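The primary structure of each chain is shown beneath.
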Amino acid sequence: MTQFISRRLFHLIFILIGVSILVFLMLRLIPGDPAHLLLGEFASPQDVARIREQLGLDGSYPFQYWIYLKNLFGGDMGISIRSNLPVSQEIFDRFLATVELSVVAMFISSFIGIMAGVISSVRKYSIFDYGSMVMALAGISMPIFWLGLMLMYLFAVKLGVLPMMGRFTMGMDYHPITGLVTLDSLFKGDMVLFLNSLKHLILPAFTLATIPMAIIARMTRSSMLEVMSKDYIRTARAKGLSYHRVIFQHALKNAFLPILTVIGLNFGLLLGGAVLTETIFSWPGLGRYVVDSLLARDYPAVQGCILFFAVIMVIVNLIVDILYFYLDPRLRIDGKG
Amino acid sequence: MKRLFWFFSILAAMVVFPSLLFAQTPVKGGTLTWGRGGDSVTLDLAQATDGESIKGGIQVLENLVMFKKDSMNVEPQLATSWSVSNDGLVWTFKLRRGVKFHDGTPFNANAVKVSFDRVIDKNHPFHKYGTWRYPALGLGPVKEVRVIDDFTVALRTEKPYAPLVANLALWLCPILSPAAIEKYKGDIGRNPVGTGPFKFVKWIKDDQIIVERNEEYWGQKPHLDRIILKAIPEVSARFMALQTGAVDIADDLDPDSIQMAKGNPNFKVIEQPSVNVGYLAMNTKKPVLSNKLVRQAISHSIDKQTIIKTIFRGLAIPAKSPFAPSIWGYNYKIMDYDYNVQKAKELLAGAGYPKGFDIELWAMPVSRGYMPEPVKTAELIQGYLAAVGINAKIVRHEWGVYLDKTMKGEHDLCMLGWLGGNADPDNFLYGLLHSDNSKPPAANIAFWQNPEFDRLVKEAQGLFGKEKRAPLYLKAQEIFHEEVPWVPLAHSTIVRIYNKKLHDVPLRPNGLNSFQMIWKEK
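Anyway, here's the lowdown on the structure attached to this text. As the structure is a computational prediction, the values presented were derived from the model and not from experiment.

Take the overall build of chain B next. Counting its regular elements, chain B contains 16 helices and 20 strands. Considering only C-alpha atoms, chain B reaches an extent of 70 × 65 × 55 Å along its principal axes. Here chain B holds 522 residues, and 58% of them are scored as buried. Charged side chains in chain B number 64 positive and 54 negative. The centres of these two groups are separated by 3 Å.

Shown next as structure tokens:
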């Protein structure tokens, strides 16, 4: 197991070098001078030339990349062109907001998605099955932008039962410890802030959960249907095990590997920031930051973010693989062998 | 009889001064929530390049001089008076006494020197902590800052530069606490310490900035307890936030939301002509466009009123000068080229192009206040030009490329605009039209050169006092009108929409105000 993890972590170095080269080249091949974009139409040509020099954009590409890589191995992701602050700090501040939203969204989508998938599979071709699969199809096809705004309009503007935006009510006293508002408020025993932040999570988390929920529901259904037709399920039932026990302990456990893959993949994607949801609900997360940085052609920030996403994806995949080990004894034997 | 006299006197007073009847006493306290399109990037305004940074920073920081709250006329702020030497090179400012920064540091001439030197002096110990992006617009002309005594400071320029005082009113020239500059170094932008009516309290990135009343403020203390500047990037969400009362002010709404707000009795909408201009530059270095008659024909062929109605949804006024009427020195006497297809055709025939010609029309790829929908505008202009026989091909480039290529003069016709931050005619006439700025990479993207125009604008730079400079600018605008290097299209109107519970909400033509005087009904 340790060997497996260290091997994967070793691979990470090569993945990062590959990603960094790709991002470095892609950003520079897009037409447009970052100094121009940064300063806009109100800058004098002298100012543009000065900023180009300041940003090190005058050097050759290999030279620029070498400097970048050297700094990266020293733990320095560069300085954001827009804010003049370290990129790592900019990313970290926003990442925690994204983590909080993604974890809740993944929890909602996994719980509802798996439940809907399991019930659909055991009540195959029932009204519930058709209903939930139609909902799943709608969930996948619905534009998030539209759904978010509609939910906001209904629950925040018309009914006024949920807050419309942000992580907590504007101006509330919050001093970050971990950066996760729900956890911090619990640590401090501030139940008012805790409940407030939970209420603020509902609309964006539900909006963000829609697509993964639909995917998980469909995946669970098809995977469960496949497992349910297996002989050992019939045997389990025949030997007198209760229906629920067969479904949840035998069938679901065996059907869970592909579901876990989907959950892991979606979680990785959500951690990279959900641009639309974060924009609609004014959620100060990483997704918005990436887009703002990209529009301003803030090279160091965009490079930093993409590298960061690569690391996240690798780590999430690693965790999923480790979970496979626990779920499927066959893999454990293979892994050792 | 006496009673009757008093009765009519009071009645007359009410008619003449209705505000007396409805005047309300300002209420102290309350929180103002302000929904805007994005977060600030830095609150050290000397480094700021975006409007959201300025909106936040201007609540906390002050300058030597500032624009009045509803016009672009300059008035004293941290300086009480100023004078200029006979040779026009040394400006001496008398400073306000008894003012303290939010960290308790006393405000004096040294604070001015440190705040300015860190920007202009490359060898200053704090220069390296900042990215000073627009020196040409702000402190660029200042070569030396000298402390005369504790409350007198002198600025020396290399050549006489009359717009300097207007430059000093720009956001780019704030005075910060020297102790804070030393303490926070590169992080001063996240911990601004000024002398303003509000003190910086907290900043949660991409979310909110909180400032609170400065109880020690030297001038009239603010009525509000605090202001929360909330970033709401989605425009529909911003309008919904205003509707639910989650925010008191919503910035940068789309024209549809503005129309809805205008019809809603719960909101107030105030408007002000901006200090910007959107224009179509004609590259006079191109053979066809070097002909004045062709440029005049193009001017006659464009229907500005329709552009304003369809593109700006009425939130603009047609432009006939390079700068807006809200700026002093504007020439009201100029009669704009009317929309006249026949006249345009005649002029083209007179220029030797009776059948028109082919030309490229470069459309900006980004939307700006002075050009809200550049591509649609380009399509409209393309249609107008076709009507007079000019076959315009719309060319699009990515923004950075667009700026780069237009500065090099690769275009025929191109769209661009300008926001004259310091509201000085020089900012437009010298910056965008003088031949000094017509060599690539040029800001004068018409590449227009007119010796008489150049002379007038240069001469005005060396004169002190609006009354001396204005006549030269009036004349320069006449030459511009006759020679038409651009078709000035529109000056947009800026709008502020807020909850009716707010009072004394200011709106300066550049849209950037301190909210010191606002008060909120309970």
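A common measure of how large an interface is: the accessible area buried when the components associate. Contact residues are listed per partner, giving 49 residues for chain A and 51 residues for chain B. For the pair chain A and chain B, the summed buried surface comes to about 4100 Å²; carbon and sulfur atoms form 61% of the total. When the area that chain A buries against chain B is broken down by residue, the three leading residues are A:E41, A:F42 and A:M170, summing to 19%. Linking chain A with chain B are three salt bridges, by the criterion used here. Notably, a salt bridge pairs B:D206 with A:R94, separated by 2.7 Å at the nearest N-O pair.

B:L64, B:L95, B:F116, B:L168, B:L280 and B:I298 are the most contacted members of the largest nonpolar core, which totals 155 residues. The residues contacting B:F116, other than those within four sequence positions of it, are B:L64, B:L139, B:V145, B:L155, B:L168, B:C173, B:P174 and B:I175.

As a further point, take the sheet that holds strand β7 (residues 152–157) of chain B. The strands that make up a sheet are held in pairs by hydrogen bonds between backbone atoms, and each pair lies either parallel or antiparallel. All names here are of chain B. An order of β4-β5-β7-β6 is seen for the four strands of this open sheet, with the pairing classed as antiparallel. Two strands close off the open sheet at either side, each with one partner strand: β4 (79–84) and β6 (142–149). Along the sheet, successive strands turn relative to each other by an average axial angle of 20°, direction set aside. Alignment of β6 against β7, held across six bridges, turns out to be antiparallel. Note that in β7 the partner of E144 across the bridge is R156. Against the sheet, helix α4 (residues 109–120) makes contact with β5 (90–95), β6 and β7, and its axis sits at roughly 165° relative to β6, the strand it touches most.

Residues and elements named next belong to chain B. Locating R213 in the fold gives a position in strand β9 (residues 208–213). A residue is classified by how much of its surface remains accessible, and R213, at 10% relative accessible area, is buried. At a separation of 3.5 Å, a polar atom in the side chain of R213 contacts the main-chain carbonyl oxygen of P222. Side-chain polar atoms of R213 contact the backbone oxygen of H223, separated by 3.0 Å. What R213 contacts, discounting residues up to four positions off in sequence, is K28, G29, P197, F198, K199, P222, H223, L224 and D225.

Another aspect to go through is the packing of aromatic side chains. All names here are of chain B. Counting across every chain of the model gives 25 aromatic pairs over all chains. Judged by centre distance (5.3 Å) and plane angle (70°), the ring pair of W91 and F464 falls under edge-to-face. Here W91, found in strand β5, pairs with F464, found in the loop between α15 (451–461) and α16 (466–483); they are 373 residues apart in sequence, far enough to count as distant. An angle of 50° between the planes, with centres 6.1 Å apart, marks the rings of W362 and Y402 as tilted.

On to the environment of B:K355. Within the secondary structure, B:K355 sits in the loop between α11 (341–350) and β15 (358–363). In sequence terms B:K355 and B:G389 are 34 residues apart; their C-alpha atoms lie 6.0 Å from each other.

Residues and elements named next belong to chain B. Considering all chains together, one arrives at 36 salt bridges over all chains under this definition. Between E144 and R146 there is a salt bridge, and its shortest N-O distance comes to 3.8 Å. A residue is classified by how much of its surface remains accessible, and E144, at 31% relative accessible area, is partly exposed. Overall, R146 belongs to the partly exposed group, its relative accessible area being 43%.

Right, let's get into the packing of helix α1 (residues 2–29) of chain A against helix α14 (residues 299–327) of chain A. All names here are of chain A. Contact geometry for α1 and α14: axes closest at 9 Å, N-to-C directions at 150°. As summarised for this structure, α1 and α14 are arranged roughly antiparallel, according to the angle between their axes. With respect to the hand of their crossing, α1 and α14 are arranged in right-handed fashion. By residue class, the composition of the contact of α1 with α14 is 20 nonpolar, three polar and three charged.

With that settled, the discussion passes to helix α7 (residues 235–244) of chain B. When α7(B) is considered as a whole, its buried residues turn out to be B:A237, B:R238, B:F239, B:M240, B:A241 and B:L242. In this structure B:E234 caps α7(B), since a side-chain oxygen of it lies 2.9 Å from the backbone nitrogen of B:S236.

Bringing a nonpolar patch on the surface into the picture now. Residue and element names in this part refer to chain A. Taken together, the side chains of I177, L183, L186, F187, M191, L195 and L198 make up a nonpolar region of the molecular surface, amounting to roughly 660 Å² of accessible area. At the level of elements, α8 (181–187) and α9 (191–228) are the ones that each hand at least two residues to the nonpolar patch. Counting through the fold element by element, F187 comes out in helix α8. Accessibility expressed as a relative area gives 57% for F187, which makes it exposed.

Before going further, it helps to spend a moment on unusual backbone geometry. All names here are of chain B. Residues P440 and P441 are joined by a peptide bond in cis, for which omega reads -5°. Positive phi, close to 50°, is recorded for K185, a residue that is not glycine. By the secondary structure assignment, K185 is in the loop between α6 (178–184) and β8 (198–204). Positive phi outside glycine occurs at D206, with the angle close to 60°. Relative to the helices and strands, D206 is located in the loop between β8 and β9. In this structure D206 comes out as buried when scored by relative accessible area, which is 6%.

About the cut-offs
- Residues numbered from 1 in each chain as written.
- Chains lettered and ligands numbered in written order.
- Predicted model: local features only at pLDDT ≥ 70, side-chain atom pairs only at ≥ 80, totals over all residues.
- Heavy atoms only, no water.
- Helix = DSSP H or I, 4+ residues; strand = E, 2+ residues; numbered from the N terminus.
- Buried < 20%, exposed > 50% of the residue type's maximum accessible area, 1.4 Å probe, protein only.
- Lys, Arg positive; Asp, Glu negative; His and termini not counted.
- Charge placed at Lys NZ, Arg CZ, Asp CG, Glu CD.
- Contact = heavy atoms within 4.5 Å.
- Buried area = accessible area lost by both parts, 1.4 Å probe.
- Salt bridge = Lys/Arg side-chain N within 4 Å of Asp/Glu carboxyl O.
- Core = buried A, V, L, I, M, F, W, Y, C linked by side-chain atoms within 4.5 Å.
- Pairing = 2+ DSSP bridges.
- Axes fitted to C-alpha atoms, helices over the stretch in contact; angles between N-to-C directions.
- Polar contact = N/O pair within 3.5 Å; in protein donor to acceptor, adjacent residues only side chain to side chain.
- Phe/Tyr/Trp six-rings, centres within 6.5 Å; stacked < 30°, edge-to-face > 60°.
- Parallel < 35°, antiparallel > 145°, perpendicular 65-115°, else oblique.
- Left-handed = near helix turned anticlockwise from the far one by under 90°.
- Nonpolar A, V, L, I, M, F, W, Y, C, P; charged D, E, K, R; others polar.
- Patch = residues over 30% accessible without salt bridge, like charges linked within 9 Å, V, L, I, M, F, W, Y side chains within 5 Å.
- Areas by Shrake-Rupley, 256 points an atom, 1.4 Å probe, with all protein chains shown as cover.

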